[in-house]
Amino acid sequence: MNACRWLSSTLVFAVAGLLALVAGCDNAGSSGSGGGASGDALVVGFSQIGAESDWRKANTESIQSEAKKRGIDLRFSDAQQKQENQIKSIRSFIAQGVDVISFSPVVETGWEPVLREAKAAEIPVVLSDRAVEVSDDSLYVTFIGSDFVEEGRRAARWLADATGNKAVIAELVGTPGSAPAIDRKTGFEEVIAEHADMNIVWSQSGNFTRTEGKEAFQAFLKSPQAQEVTALFAHNDDMALGAIQAIKEAGKKPGEDILVVSIDAVKQAFIAMTNGELNCTVECNPMIGEQLFDLIEKVAAGEDVPKRVAVEEGVFTQEDAAELLESRAY
Ligand code: GZL
């Protein structure tokens, strides 16, 4: 996208400015070819999933603040967790002729048509946070995100250690069809399959939100089957915090009657661990703005980048929580 620039009042600059102004505005809104800004500001279209969790809000803040720090013209859209909104935004970015498109895909499938349109417009695509399932991986240049399978394994390993490999488990699943929901479940089940006395007896989506996590678990706690449950595995902290509220309202002690292990490691999870209500949270780092724009700037400059970039993260328990709480950035 060419930025319309306002120049000083001398005749030479005025004429040059007028020509640049006409040229720049001609490109605004036309179906530009993308692939490189003729102005000096890099123009990036970013489609964010929504604001469904504390993790997502921190991820958005990291992306927006890093773009501002770098003087990048960020066209940012919030899809309210709806794929059709993300597809509309990506089409708009193509029409605007942005230099690079980046997005966090709410689910893994259904992206090929719009990614083919971006490729036809010669606009490179960078996946942020979550992966897509496509038949042709040239439809995106690179993907930066966490290893969700390993996050699921880490949650299961903690639970096995904490229970002597014996737990009757309820599971709150993330958004159906999303990479983190699919992969965290895969990793968790891979580890508990090694222990005959660790079994998932109930599994339902809470769509990564606190409200839906509470509602789903509240209903489950009313069932006879809930009486045998000794542990809850939630695919993110927000659903775990909703379920913790439901457990307390049912007259039980979260963290004791029902152990709770989740993923993200947001600040509210650290507070719940200091209160003894959450037992373990596996880190999934949302603060990827710097790494993301390093990649995007390289892609815009036509430099080679790895197809997959991982994000470093750890595991935190009640023993860590008090001393680390203040240092948590999200
Ligand atoms: C994980 C991210 C997930 C978080 C949730 O990288 O995609 O989405 O775990 C968020 O909190 O909603």
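What counts, and at which threshold
Position numbers for residues start from 1 in each chain and track the written sequence from start to end. This being a predicted model, a pLDDT of at least 70 is required before a residue's local features are given, and a value of 80 or more before pairs of side-chain atoms are given or counted; all residues contribute to the totals for chains, interfaces and linings. With hydrogens and water excluded, all non-hydrogen atoms of the structure serve as input to the side-chain values. The working definition used for a salt bridge is a side-chain nitrogen of Lys or Arg within 4 Å of a carboxyl oxygen of Asp or Glu. Only protein chains enter the accessibility calculation, which uses a 1.4 Å probe; a residue is then buried when its area is under 20% of its type maximum, exposed when over 50%, and partly exposed in between. The way it works is that DSSP assigns letters per residue, a run of H or I at least four long becomes a helix, a run of E at least two long becomes a strand, and they are numbered from the N terminus. For Phe, Tyr and Trp, where Trp contributes only its six-membered ring, two rings pair if their centres lie within 6.5 Å, and the inter-plane angle classes them as stacked under 30 degrees, edge-to-face over 60, or tilted in between. Counting as a charge over the ring demands two things of the Lys NZ or Arg CZ atom: a distance within 6 Å of the ring centre and an angle within 35 degrees of the ring normal.

Let us look at the pattern of salt bridges. Counted by the stated rule, this structure contains 24 salt bridges. Its salt-bridge partner being Arg56, residue Glu52 comes within 2.8 Å of it at the nearest N-O pair. Assigned by exposure class, Glu52 and Arg56 land together as buried. With a shortest N-O distance of 3.8 Å, Asp136 and Lys119 are connected by a salt bridge. Taken together, the residues span a long stretch of sequence, with Asp136 in the loop between strand E4 (125–128) and strand E5 (142–145) and Lys119 in helix H4 (residues 112–120) at a distance of 17 residues. Each of Glu66, Lys69, Arg70, Asp294 and Glu297 takes part in one network of salt bridges that share partners.

Geometrically, a pair of aromatic rings is defined through the distance of the ring centres and the angle of the planes. Counted according to the given criterion, the structure contains seven aromatic pairs. Seen in terms of ring centroids, Trp202 and Phe217 are 5.7 Å apart; in terms of plane orientation they differ by 65°. Their pairing is edge-to-face. On the criterion of sequence distance, the pair formed by Trp202 in strand E7 (residues 198–205) and Phe217 in helix H7 (residues 210–221) is long-range, its members being 15 residues apart. There is no split in this pair, since Trp202 and Phe217 are both buried. Judged by centre distance (5.2 Å) and plane angle (55°), the rings of Phe270 and Phe316 are tilted. In this pair, Phe270 sits in helix H9 (residues 267–274) while Phe316 sits in strand E12 (residues 315–317), placing the two residues 46 residues apart along the sequence. Within the aromatic cluster, the residues linked to one another by ring pairs are Trp202, Phe217 and Phe220. Here Lys307 stacks its cationic end above the ring of Tyr140, 4.4 Å away from the centre of that ring.

That is the geometry; function is a separate question.
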